[in-house]
Amino acid sequence: MFSSIFGDQNGTQRGPQVSKVKVSVVQKPKPTSTSTPSSSKSYSSSSTITGHLKVPSSSTSTSANKGRINGVTSPSKNGTSSTSPRPTLLKKVSSAIIDSKSSSPKPAKSRSSPAHSRSPGQKRKANRIERVESESESESDNGGSESESSEDALDPKPKLKRQKPSPSGNSTPTSLLGRDDDLLGRKDDLFCLDQVDMRGEYSRGWVGFVECEEVLKGKIKGWASAGHGWGETSKGLEKYQAYFPQPGFENGDVPPSVELLYPAEGCKEKFILLTPTSAGEYNPISELRNALRMILEHYIPSSHTHIFGRLSDSLSDPLDTPSSMPSRLTSPFAGSLATPPPDSLPTETIGDALRKALAPNRRDGPGFLRAMERFNNAMSELQQEGSMKVYMKGKQMKKREWSQLVDLVHESAYSRVVGPYAYTLAHHPKHPTEVAEAISAKEDAYGELRHNFMSRVIEQTKLGPNSVFVDLGSGVGNCVLQAAVQAGSRSYGFELLPVPAHCARLQLKEVQRRWAMWGLKGNLDVEVHEGDFRVHPMVSKRLREADVVLVNNEVFPSSLNNDLTNMFLDLNDGAKIVSLKPFVQEGFRMNENNCDSFGAIVKLTKHRYFPDWVTWKGDQGDYYIQTIDRSMRAKFEEEMMSGRRSRR
């Protein structure tokens, strides 16, 4: 059965072949009036946040935390939010002070395992500090562009794509995302094709995933159009036109389609062979092409590449562009006039056939259907033979390749379950009373941290399979889900605003199903909660476990940042806080007047994010990593006590 396509063991071809989901809801939003989603988004400008922050013993505020520039707080009945008393800074460091008298401070314990613009802000010269100082440094690496060209006719950079960069004068330095020869370095398995099936007996089933056809026709159950009251999907086949010019491929009552067989055995999806009339709509042919490229590059054993081939990144006319596949013709010896016999000419690989059929200058619909039939037949036999499961077991990848694969899988889920809410996310409907009272000014402005930003955070903070990641103001859950699979971490998100929190629950279910379709092992211990992170009962527990905490506080008021510094006293030594605005004044210098402030127990480093790493602007900016280190405060206290004794 298998020899018909794969040939003998030497690779000679014998003939041509034509979630587990955990949801904790603190507030249940009331249905409100509907609104029509759109591909456009609007973002508010950021507000300035003041410098030095002292730690209050308790704090009240009517401000809120919004997720991805949203994530608001839940107030009490009288309209003010309340926080339970937390340990003071001195209590946290008291034991460290005692220990330091007899021995040197213990090193910070780390449970992380290694893994794998408008105008830029002005750099500050670091102050000379006599005793203990916070570190402040800026990154400015130069390198090549990480983003690909947007000239691809099949990939017009739709606005709904959360990670696709828009054309910009600046680009991401390649060195920040890992060079091509940098291996990921994970010791755990990245793939689990042997642990997935349709129903999920291994807790990794794909049944119930949202199909391409449902997206185009706007008939997806459980979305806003099904009665949630948060908007109506405006998608429909009238927004699409034919990509292939041949008869039978036009947009009609029965639109043209083709099935794609995913790496998981028996898992397939129907793709409608139409292209959108505007760049802001979901593009099924572009997604199909990218999925085929990923499968051919990463899932096919080397013993079968002579059959499958590769799908070139370029979709220009293959007659004008050299093939990415090396020549398989036998070259005659030097000086010889002999040529290979006709029967030694190789059969065209599946990748070559797909590339030619999709090329904008050809758009060969019948040829594409034939190539897809060859692909699915070969994939089916490869799966039944078991070669793919063996090949993917224990497979390691380069950092860039792994990031791109995760991005593709998550983008597929995002475009299906978050995309239809684009307009509603940017123009919030009327909030429930308890939410409306907890937010003010621009705190419900919507924005997202994109894939490249989170990839950099994962690399910098050494997030790994033994780490715990917490996102305060998690929005639609992008960063929570990316950390769970790209780093393999336990991941938890908390979001107050009803619409993003609802999208996060939808996306969690869809992402975990698509992990199964691709055989990705992502950590299933991932939760998205709805509620005010200042009073949510699970936040304190998760902060005590956290290795990395992400807070997109781009527009948080100073009162909310003060509340957060009080909450961060629960963090362990070595835990890292990643934020868009610093919680400590740059160049902070400890003295007797401020030694009880939050800045006394953190080391601050300043970093640069690059164009299109965030959705609310296309320029670069700064973000900050604050590392908890109580030994600094203990050392300062010991020095003060020694100085007082010497003056007696």
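What this report covers is the structure whose coordinates are included nearby. Keep in mind that what you see is a predicted model, and the values were worked out from it rather than measured.

Turning to the packing of aromatic side chains, a few remarks are in order. With the rule as written, the count across this model stands at 14 aromatic pairs. When the ring of Tyr243 is compared with that of Phe244, the centres are 5.1 Å apart and the planes differ by 80°; the resulting orientation is edge-to-face. In this pair, the class of Tyr243 matches that of Phe244, namely buried. On the numbers, 5.5 Å between centres and 65° between planes, the contact of Phe610 with Trp613 is edge-to-face. Using a relative accessible area of 0% as the deciding quantity, one classes Trp613 as buried.

This next bit is on the nonpolar core. One finds Phe368 and Trp518 to be the most contacted residues of the largest nonpolar core, which totals 107 residues. Counting residues per element, this core draws most heavily on helix 14 (residues 498-518), which supplies 10 residues. Residue contributions to this core reach at least three from each of two domains, namely domain 1 (195-220 + 232-314 + 347-396) and domain 2 (413-641). When near neighbours in sequence (up to four residues on either side) are disregarded, Trp518 contacts Phe191, Leu193, Tyr262, Pro263, Ala291, Met294, Ile295, Tyr299, Leu405, Leu408 and Val409.

For the rest of this paragraph, the subject is helix 6 (residues 350-358). Among the 9 residues that make up helix 6, 8 are buried, leaving the element largely enclosed by the rest of the structure. For helix 6, every residue scored as buried is listed here: Ile350, Gly351, Asp352, Ala353, Leu354, Arg355, Ala357 and Leu358. On its buried side, helix 6 packs onto helix 4 (284-298), helix 5 (305-308) and helix 7 (365-385).

Our focus in this paragraph is the environment of Thr349. Mapped onto the elements, Thr349 comes out in the loop between helix 5 and helix 6. Thr349 sits in the buried class, given a relative accessible area of 0%. As a C-alpha pair, Thr349 and Ile307 span 42 residues in sequence and 5.3 Å in three-dimensional space.

Once that is clear, we can look at the packing of helix 9 (residues 399-417) against helix 14. Between helix 9 and helix 14, the least distance of the axes is 9 Å, while the angle of their chain directions is 135°. Relative to helix 14, the element helix 9 is oriented oblique. Pair helix 9 / helix 14 crosses with right-handed handedness. Taking contact as the criterion, the partners of Leu405, Leu408, Val409, His410, Ser412, Ala413, Tyr414, Arg416 and Val417 in helix 9 are, on helix 14, Leu506, Gln507, Glu510, Val511, Arg514, Trp515 and Trp518. Here the residues of the contact of helix 9 with helix 14 sort into 10 nonpolar, 3 polar and 3 charged.

Our next topic: the packing of helix 6 against helix 7. If you want to describe how two helices pack, look at the angle between their axes and the distance between the axes. Direction vectors running N to C along helix 6 and helix 7 enclose 150°, while the axes themselves pass 9 Å from each other. Overall, the two elements helix 6 and helix 7 adopt an arrangement that is roughly antiparallel. In the crossing of helix 6 with helix 7, the sense of the turn from one axis to the other is left-handed. Contacts from Ile350, Ala353, Leu354, Ala357 and Leu358 in helix 6 reach Gly367, Phe368, Ala371, Met372, Arg374, Phe375 and Ala378 in helix 7. When grouped by side-chain class, the residues that make up the contact of helix 6 with helix 7 number 10 nonpolar, 1 polar and 1 charged.

How each quantity is defined
- Once a new chain begins, its residue numbering starts again from 1 and follows that chain's sequence as written.
- It should be noted that, the model being predicted, local features are given only for residues of pLDDT at least 70 and side-chain atom pairs only at 80 or more, the latter also being counted only at that level, while totals for whole chains, interfaces and linings use all residues.
- Side-chain calculation: all heavy atoms of the structure are included, whereas hydrogens and water are not.
- Working definition: rings of Phe, Tyr and Trp (its six-membered ring) pair if their centres are within 6.5 Å, and the pair is stacked with planes under 30 degrees apart, edge-to-face with planes over 60 apart, and tilted otherwise.
- Each residue is placed in one exposure class: buried if its accessible area under a 1.4 Å probe, protein chains only, is under 20% of its type's maximum, exposed if it is over 50%, and partly exposed if it falls in between.
- Only buried residues count toward a nonpolar core. Its members are Ala, Val, Leu, Ile, Met, Phe, Trp, Tyr and Cys residues joined through side-chain atoms within 4.5 Å.
- Strands here mean DSSP runs of E at least two residues long; helices mean DSSP runs of H or I at least four residues long; both are numbered from the N terminus.
- As annotated, the domain borders come from an automatic or database domain assignment.
- Any two residues whose heavy atoms approach within 4.5 Å are treated as being in contact.
- An axis is simply a line fitted to the C-alpha atoms; with a helix, the fit covers only the stretch in contact. Between two such axes, the angle follows the N-to-C directions and lies from 0 to 180 degrees.
- Roughly parallel means an angle under 35 degrees; roughly antiparallel means over 145; roughly perpendicular covers 65 to 115; every other angle is labelled oblique.
- For any helix crossing, the convention is left-handed if the near helix is rotated counterclockwise from the far helix by under a right angle, and right-handed if that rotation is clockwise.
- Polar here means any residue outside two lists: the nonpolar Ala, Val, Leu, Ile, Met, Phe, Trp, Tyr, Cys and Pro, and the charged Asp, Glu, Lys and Arg; Gly therefore counts as polar.

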